[in-house]
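# Summary of the model geometry
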Amino acid sequence: MDTLWMDVRLTLRTLLKSPLFLLVTTATLALGIGATTTVFSVANAAFLRPLPVRDAGRLLAASEVTGRGGMASDFSYPDYLQYAAAAAPVADVAVSGLQPFGLKLEGAPVSVTGAFVSGSFFPLMGITPAAGRFFGPAEDGPAVAQVPAVLSYDAWRTRFAGDAAVVGRTIVVNGRSVTVTGVAPKGFTGVFLGVAPEIWVPIQSRPTLAPGMVDPAPGKGRRSWLQMLARPHAGVDADRVAAALSVAARRLDRGADETQRNGALGGVRLDRAGGVPAVARGIALGVMGLLGAAAGLLLAIAAANIAGMMLARAAGRRREIAIRLAMGARGGRIVRQLLTETLLLFLVGGAAGVALAVWLTSLVMRITLPGGGPIDRVFVDLSPDLRVLGFALAVSVGAGVAFGLLPALAARRPEVVDALKDGGNAAGSRRTRMRSAFVVGQLAVSLLLLLSAGLFQRALHRAVRTDLGFDPRGVLVATFDLGPYGYDGARGAGLQRQLLERVRGLPGVTAAGYARVVPLMGRMTTDGFVRGRSLGQVDFNRVSDGYFAAMRIGLVRGRAFDARDREGAPRVMVVNESAARAWWPGEAAVGQTFNEDPKTGYQVVGVVRDTRFHELDEPSLPQAFFPTAQAYQPEATLHVRTQGDPEAILPAVRRELAALNPNVPLVGVGPLSRQVGLAFLPQRLGAIVAGSFGIVGLLLAAIGLYGLVGYVVAQRTREMGLRMALGATSGNVLRLVLREAGVLVALGVVLGSAAGLGATRVLASLLFGVSATDAGTFLIGPAVLATVALLASYLPARRATKLDPMLVLRTG
Amino acid sequence: MTETAASPLISLDGVSKVFYTEEVETHALNNVHLQVMPGEYVAIAGPSGGGKTTLLSILGLLDSPTSGTYLLDGKPVSGLTATDRARIRNREIGFIFQAFNLIGDLTVYENVELPLTYRGMSAGERRTRVMEALERVGMTHRVNHYPSQLSGGQQQRVAVARAIGGKPLILLADEPTGNLDSTNGEAVMGLLQELHRDGATICMVTHDPRYAEHAERSIHLFDGQVVRDERSEGAAELVRHGFEVV
């Protein structure tokens, strides 16, 4: 131990004497370890971090197992009640469902994400409030006079300035008064990954706070929107709870009403609550695997750089190692000492990497993705915990050993006698070969990252140039829901109509309309029939007059919706070209009849161009449009086309809505182009991540090559001087050095391309119309790598041409 | 005069060393027979390329003979593992080099302490040994200095302290004055002489006849062979070193 401390002390002393070396190695490792730690921080939040609740390991999330092994994690409230009754002997259960709320603060409604929870929710969590108390089952009933509410810690701090007197105060949510009973503890953000509700209210307050969320009457369908959680009673294991719930599932499956699934419901499975839901875990694991692989490759490049530097350093220390051996040090002792040095470097780099990861994750946490549905914004706590720090430590030590061992083993047996006599200036060809191998590996891995970046870039390029069938530029979208505010159909439709007229009158607005669903942000389907023939599930949207103009969706035949298409008038619809072709082949679609069920008929009045409305890379699918004016929906999304920046019109839109009802908040607000951009997210993320990793990897590989060529040139100074004394020109010397570097680059390109051909296939599903072996990318990537690598070689090679032959030969 | 000696400390019997470089064979040592008794002070002299350093490397277990037998303290070294050889170098051999070969990043104290750390000796015992050795060479006032802060003569004295700190059976010195001016060279030779008087066994490579005269015995190597083996001291001196004069 005491000799280990001596090694550490000596290493620190020598490192501090070479601040530039320390800086370069620390920065290099910080990039590699920082990238892997950042990716792990995301994986930690997604899969590993337990919820901050009592005995988190025993809090379980339920999923229904559907036909053919599928899973569904959303439950309806009536189903939950049956599950709760079945599980009562063995477990406590609760549900939680997200809901946007309009919270009135200082007179203006603010849209916040909230959650309806069963009265059993907070007792199930087993947490202690930061202030006040939680509500329980007794306050989760239809007869409760005053609706209780619990604020999140962040909402309490930011929206109410941490005022303890907020407990017991009445606040206005969705235009109704609720009483704050307590504040959740710091760090508790509910049970949904990526969403941090600011307010929790009892689920039975839905008729008051969100009438639109009330369950359909028995036999009229099922609204599945709740996450169900269970905590086994003491001494009961999860399997017993799952078995009890599965019995209830089979009873539901055989149910006689609309909830029956006709044998599609196989049972219930339970997984640890928190993180990515079980239903999405496979996809999330795949994405994290790709990110982890990319970060791992970057770390390998960085670590190989360090290994190369350590080899060069060891070459300069041949004499010291020889002295130690002559003094009786064993080979293992030398290896230990050199490994200690490498490990110290990796630990310092690891500490810097953690700092980088903290910064990167704080940047990621600041990114606001436009939410969909009830989610106001996506929030994932990526702050480092002990697990992240442990990972960074393990990666630092693991990579340090993996990449430090070879240089240490290579250095442990110098030619002792020669080293003691000549001072160790001779170049070790074995070490140079090993260092060359590291550089070839770096170049190959760097090319692999570059190829991935290139493929994603091309995919993104193609994706953003996809003809969507509509023009998202210059369009503002904003959603509001009149459901909680007591509007009946006539009054609600009246407000919507008035708002649309007011918005159309705003300066800069060229067109405006409503739609129920924003393209690429959701999907609605209904049964469809044509001449008694079932079309199966048909995609549809409910839109108002002015919508097609606002979206610049081209009218092909007939007409768009207009004032004629009101409540009570003949039911009409517009179809897209694919629908016209598929449903009435060889006939004119305009004038045809479409049935939503055998009784309700709609006459087709127009045909519009196909649009991408579900997936970016889907083929054109049939789609129907029904006028909002003929079927009132309390929730609607304004689509406003403006001449300038669409966000500039937002305050005016808010003002117009406030003039009609000051309590109704706008949610999901933003330029349509940003929301549509979410559809490009996989390609964009891929391009950003692979691009950043590719550029950093290329830079590190170039530094590695630069160092190697510089080292070789320094070792061969005498030879170069001799060649020049014998008549070699600068060009001859330059070519000599570059030829040797060129061989390494060529090897790196061949290996990297071969690896790329195999590895990029796993990206195929994310590449949106670009082949995983895209010829352009496989030509440009190697060309970029070769150019940068040869430039990195040229700089030290040029030094060799500046030698004074006589001086070199005299000084040796 | 015949001698029935106590066991020799070093015994080489027919030792040869051949270096192979590509297709060229270089015979650095050729059938060398040599015995060194405990307490003997032997100078190994000869021209450059004669095999002096190769012989010293073999004696110091830094290299192995191609053929022949080497007994150190009566034990053959040919079958020793690398670990055993390291242990013997550490405990039984002290090296003094022409270029001092101190480690620049270690202080005087740490340089002298270095071989002792490889023994697993306690810090307290190491301290005692280091200070004793430094006192012996008159360098206790420079314990916290780095080699670059010392003169050549001082560096070589530190190197001598490092060699004797572990109380080895034998000191191997390779041109210990080669990098020193005559004053410092004489001082180092005086130091070796003093160690010899106290009983140390010393083998010193030198090509300087003035310094070879300090030893009681001179071995001349030429083309890898011992061409002359001379003693410069009387029988009484030999007896003192364990020889029996018949």
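Please refer to the structure higher up on the page.
Rules used throughout
- Residues numbered from 1 in each chain as written.
- Chains lettered and ligands numbered in written order.
- Predicted model: local features only at pLDDT ≥ 70, side-chain atom pairs only at ≥ 80, totals over all residues.
- Heavy atoms only, no water.
- Helix = DSSP H or I, 4+ residues; strand = E, 2+ residues; numbered from the N terminus.
- Buried < 20%, exposed > 50% of the residue type's maximum accessible area, 1.4 Å probe, protein only.
- Contact = heavy atoms within 4.5 Å.
- Areas by Shrake-Rupley, 256 points an atom, 1.4 Å probe, with all protein chains shown as cover.
- Phe/Tyr/Trp six-rings, centres within 6.5 Å; stacked < 30°, edge-to-face > 60°.
- Lys NZ or Arg CZ within 6 Å of the ring centre and 35° of its normal.
- Pairing = 2+ DSSP bridges.
- Buried area = accessible area lost by both parts, 1.4 Å probe.
- Salt bridge = Lys/Arg side-chain N within 4 Å of Asp/Glu carboxyl O.
- Axes fitted to C-alpha atoms, helices over the stretch in contact; angles between N-to-C directions.
- Parallel < 35°, antiparallel > 145°, perpendicular 65-115°, else oblique.
- Left-handed = near helix turned anticlockwise from the far one by under 90°.
- Nonpolar A, V, L, I, M, F, W, Y, C, P; charged D, E, K, R; others polar.
- 1 Å grid on protein atoms, 1.4 Å probe; cavity = no way out; pocket = protein on both sides within 12 Å on 5 of 7 lines; lining within 4 Å.
- Points joined across faces, edges and corners; volume = space filled by probe spheres on them.
- Expected span 1.5 Å × (residues − 1).
- Core = buried A, V, L, I, M, F, W, Y, C linked by side-chain atoms within 4.5 Å.

### Brief notes about the overall build of chain A
Of the regular secondary structure elements, chain A holds 23 helices and 22 strands. Judged by the C-alpha coordinates and their principal axes, chain A covers about 105 × 65 × 50 Å. When the 812 residues of chain A are sorted by exposure, 53% land in the buried category. Considering only intrachain contacts with a sequence separation of at least 6, the fraction spanning at least 24 residues in chain A is 80%. For chain A, the accessible surface area stands at approximately 34,100 Å², while carbon and sulfur atoms represent 60% of it.

### Focus: the packing of aromatic side chains
Aromatic ring pairs are defined here through the distance separating the ring centres and the angle between the ring planes. Residues and elements named next belong to chain A. For the structure on display, the rule yields 23 aromatic pairs over all chains. Relative to W156, the ring of Y153 lies with its centre 5.6 Å away and its plane at 70 degrees, an arrangement referred to as edge-to-face. With Y153 and W156 both in helix α5 (residues 153-159) and 3 residues apart, the pair spans about one turn of that helix. Here Y153 matches W156 in class, with each residue buried. With centroids separated by 6.1 Å and ring planes inclined at 45 degrees, the aromatic side chains of F594 and F626 adopt a geometry described as tilted. Of this pair, F594 sits in strand β18 (residues 593-595) while F626 sits in strand β20 (residues 623-627), placing them 32 residues apart in sequence. In this structure F594 comes out as buried when scored by relative accessible area, which is 0%. Among the aromatic residues, those joined into a ring-pair cluster are F121, F122, F134, F135, F188 and W200. Against the face of Y77 rests R206, its NZ or CZ located 5.0 Å from the ring centre.

### Description of the sheet that holds strand β5 (residues 75-76) of chain B
All names here are of chain B. If you walk across this open sheet you meet the 4 strands as β2-β1-β4-β5, and the pairing is antiparallel. Lying at the two open borders of the sheet, with one neighbouring strand each, are β2 (24-36) and β5. Where strand β1 (residues 10-21) meets strand β4 (residues 67-72), 5 bridges bridge the pair, whose relative direction is antiparallel. Counterpart to I10 in the pairing with β4 is L72.

### Section: the interface of chain B and chain A
Contact residues are listed per partner, giving 30 residues for chain B and 24 residues for chain A. In this assembly, chain B packs against chain A so that about 2,300 Å² is buried in total across both faces, 57% of it on carbon and sulfur atoms. Contact with chain A buries surface across chain B, with N101, D105 and Y118 of chain B losing the most and accounting together for 27% of the total. Taken together, chain B and chain A are joined by 3 salt bridges. Taking the shortest distance from any N to any O, the salt bridge between R13 of chain A and E110 of chain B comes out at 2.7 Å.

### Looking at the packing of helix α2 (residues 19-48) of chain A against helix α11 (residues 386-411) of chain A
Residue and element names in this part refer to chain A. Between α2 and α11, the shortest axis-to-axis distance is 9 Å and the interhelical angle comes to 140 degrees. With respect to α11, the axis of α2 lies oblique. In this structure, α2 crosses over α11, and the sense of that crossing is right-handed. On α11, the residues touching I33, T36, T37, F40, S41, N44 and L48 of α2 are R387, V388, F391, A392, V395 and S396. Partitioning the contact of α2 with α11 into residue classes produces 7 nonpolar, 5 polar and 1 charged.

### Examining empty space enclosed by the protein
Vacant regions in the atomic arrangement are exposed by a probe of water-molecule size rolled over the atoms. For the coordinates displayed, the defined rule picks out 8 cavities of 30 Å³ or more. Space inside the largest cavity adds up to approximately 130 Å³. As for the largest cavity, its lining consists of 13 residues, and the residues nearest its centre are M6, D7, L10 and R324 of chain A together with L106 of chain B. Elements supplying a minimum of two residues to the lining of the largest cavity: α1 (2-17) and α10 (331-366) of chain A together with α3 (108-117) of chain B. Sort the elements by how many residues they give to the lining of the largest cavity and α1 of chain A lands first, with 5 residues. Across the lining of the largest cavity, the residue classes break down as 5 nonpolar, 2 polar and 6 charged. There is about 110 Å³ of room inside the second largest cavity. V517, P519, N541, F613 and Q623 of chain A are, among the 18 residues lining the second largest cavity, the residues nearest its centre. Here the lining of the second largest cavity gets 3 residues from one element, more than from any other, and that element is strand β15 (residues 533-543) of chain A.

### Quick word on the pattern of salt bridges
Residue and element names in this part refer to chain A. For the structure on display, the rule yields 37 salt bridges over all chains. Among the ionic pairs, E139 bridges to R133, the shortest N-O distance being 3.0 Å. Overall, the relative accessible area of 22% leaves E139 in the partly exposed class. Among the salt bridges present, the one from R324 reaches E320, with a minimum N-O distance of 2.9 Å. Remark: E320 and R324 occur in helix α9 (residues 318-326); sequence separation between them is 4 residues, near one turn of the helix. Judged by its relative accessible area of 3%, R324 falls in the buried class. Residue classification places E320 among the buried residues on the basis of a relative accessible area of 10%. One network of salt bridges, in which partners are shared, links R317, E320, R324 and E341.

### Quick look at the sheet that holds strand β10 (residues 225-231) of chain B
All names here are of chain B. In space, the 6 strands of this open sheet follow the order β6-β7-β8-β3-β9-β10, with mixed pairing throughout. What marks the edges here is a single partner per strand, and that holds for β6 (93-96) and β10. Within the sheet, the average angular offset between the axes of one strand and its neighbour, ignoring direction, is 15 degrees. As judged from the 6 bridges shared by strand β9 (residues 217-222) and β10, these two strands associate in the antiparallel manner. The residue bridging H220 from the neighbouring strand is R228, located in β10.

### Notes on the packing of helix α4 (residues 123-137) of chain B against helix α5 (residues 152-165) of chain B
Residues and elements named next belong to chain B. α5 packs onto α4 with a crossing angle of 135 degrees between their chain directions and a minimal axis gap of 8 Å. The angle between α4 and α5 places the two elements in the oblique class. Of the two elements, α4 crosses α5, and the hand of that crossing is right-handed. Contacts between α4 and α5 involve R129, A133, L134, R136 and V137 from the former and R157, V160, A161, I164 and G165 from the latter.

### A look at helix α7 (residues 238-253) of chain A
All names here are of chain A. Between its first and last C-alpha, α7 extends 22 Å over 16 residues, near the 22 Å set by a 1.5 Å rise per residue. Every buried residue of α7 is accounted for by V241, A242, A244, L245, S246, A248, A249, L252 and D253. Where α7 is buried, its residues meet α3 (77-87), β3 (91-105), β10 (227-232) and β11 (265-272).

### Some thoughts on the nonpolar core
Grouped together as the largest cluster of nonpolar side chains are 52 residues, with contacts concentrated most on Y83, I171 and I199 of chain A. Here the element with the most residues in this core is α7 of chain A; it accounts for 7 residues. Once residues lying within four places of it in the same chain are set aside, the contact partners of I199 of chain A are F101, V112, T113, G114, A115, A149, V150, L151, I171 and V173 of chain A. Counting residues in each nonpolar core, the second largest holds 51 residues, with L61, L62, I88 and C203 of chain B among its members.

### Examining the side chain of R206 of chain A
Within the secondary structure, R206 of chain A is located in helix α6 (residues 206-209). Contact partners of R206 of chain A, with chain neighbours within four places excluded, come to Y77, F116, P211, M213, V214, D215 and W225 of chain A.

### A word on the pairing of strand β14 (residues 524-530) of chain A
Residue and element names in this part refer to chain A. Among the 7 residues that make up β14, 5 are buried, leaving the element largely enclosed by the rest of the structure. Here β14 pairs with β15 via 7 bridges, running antiparallel. When the bridges of β15 are listed, F529 appears paired with S534. As consecutive antiparallel partners, β14 and β15 are separated by 2 residues, and within that stretch R531 has a phi angle of approximately 50 degrees, a positive value.

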